[in-house]
Protein chains: 2
Amino acid sequence: MCDEGKKPSIRDNPEIRRTGESGIGMTRYVHGYSKREMRRLREQSAILSDLLHDGTRYEPGRRVLEAGCGVGAQSVILAARSPEARFTAVDLSAESIARAKAAVRSSGHAAGTFLRADIHALPFEDGAFDSVFVCFVLEHLDDPGAALRELKRVLRSGGDITVIEGDHGSCFWHPETAASRRVWECMIRAQALHGHDSRIGRRLTPLLRGAGFSVRRCGPRWVYGDALRPGLLDGMVNQIIVPMVQTAKERALAAGWADEAVWRRGIRDLERSGVPPEGTFFYTWFKAEAVKE
Amino acid sequence: MCDEGKKPSIRDNPEIRRTGESGIGMTRYVHGYSKREMRRLREQSAILSDLLHDGTRYEPGRRVLEAGCGVGAQSVILAARSPEARFTAVDLSAESIARAKAAVRSSGHAAGTFLRADIHALPFEDGAFDSVFVCFVLEHLDDPGAALRELKRVLRSGGDITVIEGDHGSCFWHPETAASRRVWECMIRAQALHGHDSRIGRRLTPLLRGAGFSVRRCGPRWVYGDALRPGLLDGMVNQIIVPMVQTAKERALAAGWADEAVWRRGIRDLERSGVPPEGTFFYTWFKAEAVKE
């Protein structure tokens, strides 16, 4: 596994095929591309790597496509857990692809192949991969079903797909005030404005079945923090949740869903849920494994 | 363990001390006492017994208080899992106590002791029990912290308490429509009208710590159903959730939170979430184990 060698079969050059970021696909990543957001994504994946990657390992030589790798938060974990698999990572953003490649390299693992490509029209032949891995991607797409059908096309018969997505409707905390619930709902609405479903986790089984996959397993991967796990509680609330909600502030205020005072109160109240002994926090992602029969 | 023998020490006769159902405590069980509700409680406990009771067994001779036994849905499971422990069950309702006693007897287990008593003022000496078990009770109390302090009083030093409570704010489903979310929220509001917290699951750790217990474990016990588990999905939605929501109908319509048409649509939409291949459903209870040090 190296960067230049062992490339998968490529139908045509994605750099030529997909230059604009308009049209279908994840054209507007709702949380933005700020440095703070990049740091948030890395911290999130460190906290969650065991929780989400448990059960996912690829054998030596297996051809694995990571679709929508972003800045490489999951790529680093995939490479560490399956050092001899042959990874190909694609993302719509050229800048993210460059960051992902650098992240995997600096982690000391062989980097695999990184390509800019649209998940809806992948530059690979039918059946080019043994496995597909998708994490935190479908929630940002206009038509996740179409993306899954395209991923099925590039998967060989008998190949498997692993999908991990969050569900922002699964989240609750204590103390839960009206203001903290409001800022949370603002984030869901901001994503819905783009036509994207941040509550997609609960839909993984019907989505995968609708795309023609045979679903083997699907279930929640949850995190719950309280005074018995103060480090986890603080990490969840202050490194993942609050920074993520903050990415919706500008749009929420512009849309009139909240004013500055409500926003400040909501964030302060959310932060309180990260403080023991009173605070508690629950969130669940969903992880599904399915096969192309 | 038998019904008449081996009674715990009794401070005074609860039949004399607590005759009215006014004042503090679970004076208005929000879901009512209809035959349908009794059946719902039994079916719920059958579906959930492994999920909720896993990890809970009591050794022979151990003196266990089940506080708020209701119609005995949990009492039957407790007796089956720990046939040689010495159970005492109390409830505020004389009718429920009679039903619980009959249910345990007809299940073929030795019945233990059944007493009508108020969880806030128990007719037992300090330290009378080795263990306390509380399931689906705190959510129906005006002051769950006061109840926990009273339970701590009747527990010996080193004794343990197990608390299981739901969290109605944890629930989500697919397809989730505005009407189905509305009827669900009506049920939470109906309970809140009584000053009771149906979202108490997330508060178990701070509540137990606030009452002076040392919390050893606390976490979600969830159920998730989809097309891969059609029986579980149907059981959850149609035997537990929809009948439970229906208990709030009268109050919701009287309060003007919904009209007949919205209610019908909401229930129909909730029922759809129980139908594969599209439907999915998630709910979590919380189970906590704590010690009186």
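Numbering of residues starts from 1 in every chain and runs along the sequence as written. For this description, chains carry letters from A and ligands carry numbers from 1, given in the order in which they are written. Reporting in this predicted model follows two pLDDT cut-offs: at least 70 for local features of residues, and 80 or more for side-chain atom pairs to be given and counted; totals over whole chains, interfaces and linings ignore these cut-offs and use all residues. Note that water and hydrogens are dropped before the side-chain values are worked out from all heavy atoms of the structure.

Chemist: Would you take a moment to explain the layout of surface pockets for this structure?
Modeler: In this approach, a probe sized like a water molecule rolls over the atoms, and the result shows the empty space that is left. Of the voids in this model, the largest pocket is the one considered here, and its volume is about 400 Å³. If you go around the largest pocket, you meet 21 residues; those closest to its centre are Glu176, Arg181 and Glu185 of chain A together with Arg181 and Glu185 of chain B. Helical segments are the DSSP runs of H or I of at least four residues, strand segments are the runs of E of at least two, and each set is numbered from the N terminus. Elements with a contribution of two residues or more to the lining of the largest pocket: helix 6 (178-193) of chain A together with helix 6 (178-193) of chain B. Broken down by element, the residue count for the lining of the largest pocket peaks at 4 residues, all from helix 6 of chain A. When residue character is reported, Ala, Val, Leu, Ile, Met, Phe, Trp, Tyr, Cys and Pro are called nonpolar, Asp, Glu, Lys and Arg charged, and the others, Gly included, polar. Its residues assigned to classes, the lining of the largest pocket shows 7 nonpolar, 4 polar and 10 charged. A pocket, in this scheme, is an open set of points on a 1 Å grid over the protein atoms alone with protein on both sides within 12 Å along at least 5 of 7 lines, while a cavity is a set where a 1.4 Å probe fits but cannot get out; residues line either one if an atom lies within 4 Å of a point. Grid points are joined across faces, edges and corners, and a volume is the space filled by probe spheres set on the points.

Chemist: Help me understand the interface of chain A and chain B in this model?
Modeler: It is common to report an interface's size as the accessible area lost on association of the parts. Two residues form a contact once any of their heavy atoms are found within 4.5 Å. Residue-level contacts link 31 residues of chain A with 31 residues of chain B. Summed over both partners, the accessible area (1.4 Å probe) lost when two parts come together is defined as the buried area. Summed over both sides, the interface between chain A and chain B buries roughly 2500 Å², with carbon and sulfur atoms accounting for 62% of that surface. Contact with chain B buries surface across chain A, with Phe172, Arg202 and Leu228 of chain A losing the most and accounting together for 25% of the total. What makes a salt bridge here is a side-chain nitrogen of Lys or Arg within 4 Å of a carboxyl oxygen of Asp or Glu, nothing more. Put simply, chain A and chain B have 4 salt bridges between them. One salt bridge connects glutamate 176 of chain B with arginine 199 of chain A, and the closest N-O pair in it is separated by 3.3 Å. Pairing of N or O atoms within 3.5 Å defines a polar contact, subject to two protein rules: one partner must be a possible hydrogen donor and the other a possible acceptor, and residues neighboring in sequence count only if both atoms are side-chain atoms. Taken together, the links from chain A to chain B amount to 12 residue pairs in polar contact (both at pLDDT 80 or more). Sort the elements by how many residues they give to the side of chain A that touches chain B and strand 7 (residues 214-225) of chain A lands first, with 8 residues. A breakdown of the residues in the side of chain A that touches chain B according to their chemical character gives 13 nonpolar, 7 polar and 11 charged.

Chemist: Explain unusual backbone geometry to me, please; I cannot follow it from the model alone.
Modeler: In terms of backbone geometry, most residues other than glycine have negative phi values and most peptide bonds are trans. All names here are of chain A. Omega for the peptide link from histidine 174 to proline 175 comes to -5 degrees, which places this bond in the cis form. Summarising the element assignment, proline 175 is placed in the loop between strand 6 (172-174) and helix 6. Even without glycine at this site, phenylalanine 136 takes up a positive phi of about 60 degrees. For phenylalanine 136, the position within the fold is in the loop between strand 4 (129-135) and helix 5 (144-153).

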